[in-house]
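Examining the three-dimensional arrangement
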Amino acid sequence: MFKGFYNLTSGMLTQGRNLDVIANNMSNVATAGYKTDRYTFSTFQDVMWKRVGNMDKVYTDLGNQSWITAPSKLYTDYEQGAIEETGQPLDFAIEGDGFFALENPDGERVYTRNGNFSLDDEGYLWLSGYGRVLDAEGNTIQLVTDRIEGDLSGNLFTETGGYLGRLGVFRFEDNGELEKNNYGFFTSQNEGEAVTDIRVHQKWVERANVDLVQEMTGMITAERAYQSAAEITRIYDNMITKITTEVGRL
């Protein structure tokens, strides 16, 4: 009977973490370029199955009983979000696989799909509050004015046709090597490769790829699972109380 507490408690913890991920997705539905996170989990038996074995990697069946649920992986869905026209000259959207690069105040390079740019106090193109945008060579881009024109390759020009630079779009062999930080940006131990086989749309931004219907469905499912586990835990507690206070006296 007591092992039931492990199943129920682990289920509540797992669903609680799942709800946190869903809530974060929903809160970022209006964040340009945001990529949805998915939380997966498995039973403890499945986790042990992958980790217990001998030198010849011959794994031993631990049995068919599931004891507790355990976190498996938090992964990011990099599917393209909808591209929406804004009419703002410093808004840019990437069509295809790739990321803009920013240099944050600490000098660290981070990557994002959020192209909702503006100019800082010194006239550099930046993502407000986070860092300056980098060109294909990894240098910051000083524009001074927002009266610019951009082509589909990311090249930037003055109104009279003067060349200002090219937005850097960087790609990784495997997006799985990227790690998302607390601000929703991506970091990597390796620098991405600057690419040109993409399309950059000026005066457009990519919206978050969050599916609100799917997130709401997932939230309702997780909440019900959490509430069910909590209710059964209460029943278990009442049963154990009776065992220890009433049956024990017999």
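Since the model is a prediction, treat every value here as computed from it, not as a measurement.

Reading the values: the criteria
- Residues numbered from 1 in each chain as written.
- Predicted model: local features only at pLDDT ≥ 70, side-chain atom pairs only at ≥ 80, totals over all residues.
- Heavy atoms only, no water.
- Helix = DSSP H or I, 4+ residues; strand = E, 2+ residues; numbered from the N terminus.
- Buried < 20%, exposed > 50% of the residue type's maximum accessible area, 1.4 Å probe, protein only.
- Contact = heavy atoms within 4.5 Å.
- Areas by Shrake-Rupley, 256 points an atom, 1.4 Å probe, with all protein chains shown as cover.
- Expected span 1.5 Å × (residues − 1).
- Polar contact = N/O pair within 3.5 Å; in protein donor to acceptor, adjacent residues only side chain to side chain.
- Core = buried A, V, L, I, M, F, W, Y, C linked by side-chain atoms within 4.5 Å.
- Phe/Tyr/Trp six-rings, centres within 6.5 Å; stacked < 30°, edge-to-face > 60°.
- Lys NZ or Arg CZ within 6 Å of the ring centre and 35° of its normal.
- Pairing = 2+ DSSP bridges.
- Axes fitted to C-alpha atoms, helices over the stretch in contact; angles between N-to-C directions.

**Points about the overall build of the protein chain**
Within the protein chain one finds three helices and 18 strands. Taking all 250 residues of the protein chain together, 37% fall into the buried category. By sequence separation, contacts in the protein chain at least 24 residues apart represent 66% of the contacts at least 6 residues apart. With the model as given, the accessible surface of the protein chain reaches about 14900 Å², and the carbon-plus-sulfur share is 50%.

**Overview of helix α3 (residues 212–245)**
Given 3.6 residues per turn, any residue in an α-helix points the same way as the ones three and four places further on. Compared with the 50 Å implied by 1.5 Å per residue over 34 residues, the 49 Å span of α3 between its first and last C-alpha is a close match. Buried within α3 we find E215, A222, A229, T233 and I240. Capping the start of α3 is the job of one residue whose side-chain oxygen sits 3.1 Å from the backbone nitrogen of V213: D211.

**Topic: the nonpolar core**
Of all hydrophobic cores here, the largest spans 20 residues; its most connected members are F92, F117, L125 and L167. Among the elements of the structure, β4 (92–95), β5 (99–103) and β8 (125–127) are those that each provide at least two residues to this core. Apart from residues lying up to four places away in sequence, F92 is in contact with F100, G115, F117, I148, L156, L167, V200, H201, Q202, W204 and V205. Formed by eight residues, the second largest nonpolar core is a distinct cluster that contains F99, Y111, L134 and F170.

**Structural notes on the packing of aromatic side chains**
Tallied over the full model, the rule gives eleven aromatic pairs. Ring centres 6.2 Å apart and planes at 40° place the aromatic pair F92 and F117 in the tilted group. With F92 in strand β4 and F117 in the loop between β6 (109–112) and β7 (118–119), the pair connects residues that are 25 residues apart, well separated along the chain. For F117, a relative accessible area of 5% translates into the label buried. A centroid spacing of 6.2 Å and a plane angle of 65° characterise the contact between Y130 and Y183, whose relative ring orientation is edge-to-face. You can see Y130 sitting in the loop between β8 and β9 (131–133) and its partner Y183 sitting in the loop between β14 (179–180) and β15 (186–187), a full 53 residues away along the chain. Given a relative accessible area of 62%, Y183 falls into the exposed group. Clustering of aromatic rings is evident, with ring pairs tying together Y78, F99, Y111, F170, F172 and F186. For the cation-ring pair, R109 lies above F170, with the distance from its terminal atom to the ring centre recorded as 5.2 Å.

**Some thoughts on the sheet that holds strand β10 (residues 148–150)**
The strands making up a sheet associate through backbone hydrogen bonding, with each pair oriented either parallel or antiparallel. Read from one edge of the open sheet, three strands run β10-β11-β12, paired in antiparallel fashion. Lying at the two open borders of the sheet, with one neighbouring strand each, are β10 and β12 (163–166). Within this sheet the neighbouring strands show an average axis-to-axis angle of 25°, counted without direction. In terms of strand pairing, strand β11 (residues 155–158) meets β12 through three bridges, oriented antiparallel. The residue bridging N155 from the neighbouring strand is R166, located in β12.

**Topic: the environment of A222**
With respect to the helices and strands, the residue A222 is situated in helix α3. According to the relative accessible area criterion, A222 is buried, its value standing at 1%. As for A222 and T14, which are separated by 208 residues in sequence, their C-alpha atoms are 9.2 Å apart. In this structure, A222 is in contact with Q15, N18 and L19, ignoring residues within four places of it in sequence.

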